[in-house]
Each structure stands twice: as C-alpha cells, then as structure tokens.
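Geometric and topological summary
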There are 2 protein chains.
Amino acid sequence: MAILASAREAFARSGYDGVGVREIAERAGVTAMLVNRYFGSKERLFAEVVADIMTTPIILTPETLVSAHAGDEMADALVRITTADGAPLDGFQIMWRSASSPAAAAIARREIDAHYHKTLTAALPGPHAPERAALLLAVVAGVQIMRQMIGLEALASCPPEVLTELLRPVFREFWRTDDHQPPGTRGNRRKR
Amino acid sequence: MAILASAREAFARSGYDGVGVREIAERAGVTAMLVNRYFGSKERLFAEVVADIMTTPIILTPETLVSAHAGDEMADALVRITTADGAPLDGFQIMWRSASSPAAAAIARREIDAHYHKTLTAALPGPHAPERAALLLAVVAGVQIMRQMIGLEALASCPPEVLTELLRPVFREFWRTDDHQPPGTRGNRRKR
DNA sequence: GTGCGTTGTCTACAGGTGTAGAATTATGAA
DNA sequence: TTCATAATTCTACACCTGTAGACAACGCAC
C-alpha cells in the first residue's frame, strides 16, 4: 500500500500535526480524498501506520532481549538507529514527533503499552519490572529526541563508539540483579 | 506581562504548533494583534518564553548540582516535577511538546545548550562530561515525555516513592567516578 | 483645550486544514 | 459493445492559521 508508506515517511519527518493529508496523498501519487476513502480519517490512518510499525520490532528484537548482554546490545542498537537516519528505522520517531497531539499520543500510548512495554517487562529481571521497563523506554525516547529532534550539539556530534560506551552502563543498570535492598539502605559509589 | 504568562501556559499545554496566537491573546485579555505588536511574531514570542524559563532553573538548581547526593536529588526533583502538574513546573515540558516544530526545536536547542547543558557539564565528574551531561538531559526528557505526554500506564500510575527509588541508581551512574576503564574491559554485574 | 505619542483594536488577506457529497473515470463480465 | 460496479477525483464547505495596514481610544505635556 503506497499510501501507508507515504504516511509513515511523512509522519516520521514532521509528526502528526506537521503534515497534511494532501501532502501524504501527493507523495503516494493519489488524491487526498482517496486517503480518507481508504482509511476513514487522518486519525485512523495514523493508527494504522503505528500498528504497522509495531509488527516489526526495531530495537527490541527477541534475540536482543534474551541475550546475555541485553543491555549492551540495546545500547548499540539505539546508537545505530539514531546515527543513520534511514527509512526503516523511523519506528519510534513517529511517536515522539506526534506526542504533542493528544489524539496521536493516545494511539501511541496504547500501542507502546501493548507491544514494546509488555515484551520488555517480561525480559527484565527483578522487582518492579513494569516500571523499570517503562523507564528503559523513557531513556530510549530521551536519547532519540535529544539527538534527532532537538539536535543537542554534544549528542549530535558525538562519535558513535563513545556514545555506545557511555550508554552501556546506563542500560546495564536495568538488567542488574544484585543488591536490591530496601529504599535508602543501598550504598552508592559516589565520590564525596 | 500577562501575554508572556498566557503564552507560557498555552505552550506548555499544547506545544508551539498546537496553540494559536488568538488563543494566547484571549487568555491574556487582549487581541491577537497586540501580541504581534509586542513580540513581532509568534516565533519571537516563543523564543521570549523559552528565554524567560531559562532564567529560573527548575531541576538543576545550583545547590542540587554541588550536593554530595546530586544524583539522588535530581531523581527526587524529576519525580516531583512530573507528578504535580503545577504551573511553575512547566519549564522543559514546553520544549518537548514543541520539539516537532523545526522553528521551535532550533530555539530549544540553542537555549538548552547555552544554559542547562553548560551548567550540567561543569558539574559532572570524569571524562566526556559534555556527552554525559547531554545523556542526563535525555533521561530527564524521556521520563517527562513518557510520563506526561505519552502517559505510559506503568509510569503514570507509579507511586512517586517507587519511581524515585528506581531512578536514583540511573542518575547515580552519571556521578560515578570509579572504574573508568577503556571500552570493553570493564566487567558488568549482569547475571548470566 | 490642543496636539501628540502610545496602546490597542478592527478588518482583511492569502493560505492552509480535514472531510462530506456528487461526479467522473476505469475495470471487468455479459 | 454494453452495462454494472468498483475505484478515483472534483468541487465545495466551514473553519483555522499568522500577520499586514488602517483606524480609534487613551493618557499627558503644554
């Protein structure tokens, strides 16, 4: 379906509010009205695009999650994705760029919840797995946004290898299984 | 200035593209044209709002940064901010919600760079301080977005105390000063 | 009172938005 | 070829966007 591909590309580039139905249609070689004839409305088209994205995991491949170095592999994948701005890697990007629109945010929430968050929760060890899975997704979101949307200088110009090495310990934190003590009693390794 | 306050509230709620000049003006008790008379354009108004926000640090107070428990305090502050949706706590929110608009993203990048990122870089120990400061800001952004914009269930309904306890080790990671070894040689504490 | 600069508003424009309904064209079977 | 049916487009509507230019109300010095 050419319309779906065009919509995906357009939403990834400009977000839900930033692109019009006419533009999506034109890039697909059809008229704006055909889009509505097929999908009912712009909102339903967006939902269809997001659902389509969810069917093919990008960062969270099953192999990555069960790996013994899951945290490291996730860090590598995140850096890889945010470095090359290729076409098939725009999965999450669509949702961050559209999050400011309430309608789009609701769709994104539902789909992230049902797919990525559920999968990730099952893969994380230790207590509070759902909350920690959500935080992990938050880190992924933050890095993507700062690197690709805001374009913060220090992140945008950072060599991939350095970024990977800096991200790995952060992600490892989520797969740690030792010292889960009650709040406040755990020592931190800060320098005072 | 009533217009500035109205604009700040409106941008925080709906983002740069999501709100119109007429709405901002009406909530300030004036006409849309007066806004342009004072600020020149919507874009310049947005820049003014962002610059105004930057003058009063929200998470990164100087006391927080030099504290011996800087990481913990930052985690606490982040949870506090994303829990209560009060008026004066909308600082970053404005930028995430507006990041999909290129014009707004450019303004946000410049201001974050000049204020928050610079300050945070100076406060972080160890090598790659700029990159790690940017990553820290990315984590803050991700949590805010997932919690307040996407509204991911696991994060939205998570008790503040739990969230704080889960965030602390993540933030501590950025203030660690031990074991900065070359890439790949550092042991991770994963369970295999 | 008279002039004047500021403050604010009114009207209007050119363009964009999503989408409903009618009209048109292409397609395939008889 | 003829005709029914599906695929696609045309026209139009009602509304919203940022903003330029002309105009009116205001306080205030003289």
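This text follows the structure it describes.
Throughout what follows, the structure given in this document is the object of discussion. Everything numeric here is computed off the predicted structure, so don't read it as measured data.

1. Some points on the overall build of chain A
- Helix and strand counts for chain A stand at 11 helices and 0 strands.
- What you see in chain A, going N to C, is helices and strands ordered as α-α-α-α-α-α-α-α-α-α-α.
- Here chain A holds 192 residues, and the buried ones make up 55% of them.
- Expressed as a percentage of contacts within chain A between residues at least 6 apart in sequence, the contacts between residues at least 24 apart total 67%.
- As displayed, chain A has an accessible area near 8,200 Å², and 53% of this comes from carbon and sulfur atoms.

2. Observations concerning unusual backbone geometry
All names here are of chain A.
- In the Ramachandran plot, histidine 128 falls in the positive-phi region, its phi being about 55° despite a non-glycine side chain.
- Checked against the element boundaries, histidine 128 lands in the loop between helix 8 (102-123) and helix 9 (129-150).
- For histidine 128, a relative accessible area of 37% gives the class partly exposed.

3. A short note on the protein's contact with DNA strand C
- Within the structure, DNA strand C sits among 16 residues, and Val21, Arg22 and Lys42 of chain A together with Thr31 and Tyr38 of chain B are positioned closest to it.
- Sugar and phosphate atoms form 53% of the subset of DNA strand C atoms that lie within 4 Å of the protein.
- At a separation of 2.8 Å, a phosphate oxygen of DNA strand C approaches a polar side-chain atom of lysine 42 of chain A.
- Secondary-structure elements contributing two or more residues to the surface near DNA strand C are helix 2 (21-27) and helix 3 (32-39) of chain A together with helix 3 (32-39) of chain B.
- Per-element tally for the surface near DNA strand C: the top contributor is helix 3 of chain B, with 4 residues.

4. A few points about the protein's contact with DNA strand D
- Around DNA strand D, the surrounding shell holds 16 residues, and the nearest of these are Thr31 and Tyr38 of chain A together with Val21, Arg22 and Lys42 of chain B.
- For DNA strand D, the fraction of protein-proximal atoms (within 4 Å) that sit in sugar or phosphate groups is 47%.
- Within the contact set of DNA strand D, a phosphate oxygen lies 2.3 Å away from a side-chain nitrogen or oxygen of tyrosine 38 of chain A.
- Valine 21 of chain B is positioned with one of its backbone polar atoms (N or O) 2.9 Å from a phosphate oxygen of DNA strand D.
- Looking at the surface near DNA strand D, the elements with two or more residues in it are helix 3 of chain A together with helix 2 (21-27) and helix 3 of chain B.

5. Section: the interface of chain A and chain B
- Contacts between the two partners involve 57 residues from chain A, matched on the other side by 57 residues from chain B.
- Summed over the shared surface of chain A and chain B, the result is 0 salt bridges.
- Broken down by secondary-structure element, the contributors of at least two residues to the side of chain A that touches chain B are helix 7 (91-98), helix 8, helix 9, helix 10 (153-156) and helix 11 (160-175) of chain A.
- Ranked by residues supplied to the side of chain A that touches chain B, first place goes to helix 9 of chain A with 15 residues.
- By residue class, the composition of the side of chain A that touches chain B is 31 nonpolar, 10 polar and 16 charged.

6. Quick look at the packing of helix 1 (residues 2-18) of chain A against helix 7 of chain A
Residues and elements named next belong to chain A.
- The geometry of helix 1 relative to helix 7 is characterised by a closest axis approach of 7 Å and an angle of 35° between their N-to-C directions. Between helix 1 and helix 7 lies a crossing whose hand is left-handed. Contacts between helix 1 and helix 7 involve Arg8, Phe11, Ala12, Arg13, Ser14, Gly15 and Tyr16 on the former and, on the latter, Gln93, Ile94, Arg97 and Ser98.
- Grouping the constituent residues of the contact of helix 1 with helix 7 by class yields 4 nonpolar, 4 polar and 3 charged.

7. Thoughts on the packing of helix 7 (residues 91-98) of chain B against helix 8 (residues 102-123) of chain B
Residue and element names in this part refer to chain B.
- Packing of helix 7 against helix 8 brings their axes to within 9 Å, and their N-to-C directions diverge by 145°. Two packed elements cross with a definite hand, and for helix 7 against helix 8 that hand is left-handed. Residues Phe92, Met95, Trp96 and Ser98 of helix 7 lie in contact with helix 8, whose contacting residues are Ala104, Ala105, Ala108, Ile112 and Tyr116.
- Across the contact of helix 7 with helix 8, the residue classes tally to 8 nonpolar, 1 polar and no charged.

What counts as what
- Residues numbered from 1 in each chain as written.
- Chains lettered and ligands numbered in written order.
- Predicted model: local features only at pLDDT ≥ 70, side-chain atom pairs only at ≥ 80, totals over all residues.
- Heavy atoms only, no water.
- Helix = DSSP H or I, 4+ residues; strand = E, 2+ residues; numbered from the N terminus.
- Buried < 20%, exposed > 50% of the residue type's maximum accessible area, 1.4 Å probe, protein only.
- Contact = heavy atoms within 4.5 Å.
- Areas by Shrake-Rupley, 256 points an atom, 1.4 Å probe, with all protein chains shown as cover.
- Near = heavy atom within 4 Å.
- Polar contact = N/O pair within 3.5 Å; in protein donor to acceptor, adjacent residues only side chain to side chain.
- Salt bridge = Lys/Arg side-chain N within 4 Å of Asp/Glu carboxyl O.
- Nonpolar A, V, L, I, M, F, W, Y, C, P; charged D, E, K, R; others polar.
- Axes fitted to C-alpha atoms, helices over the stretch in contact; angles between N-to-C directions.
- Left-handed = near helix turned anticlockwise from the far one by under 90°.

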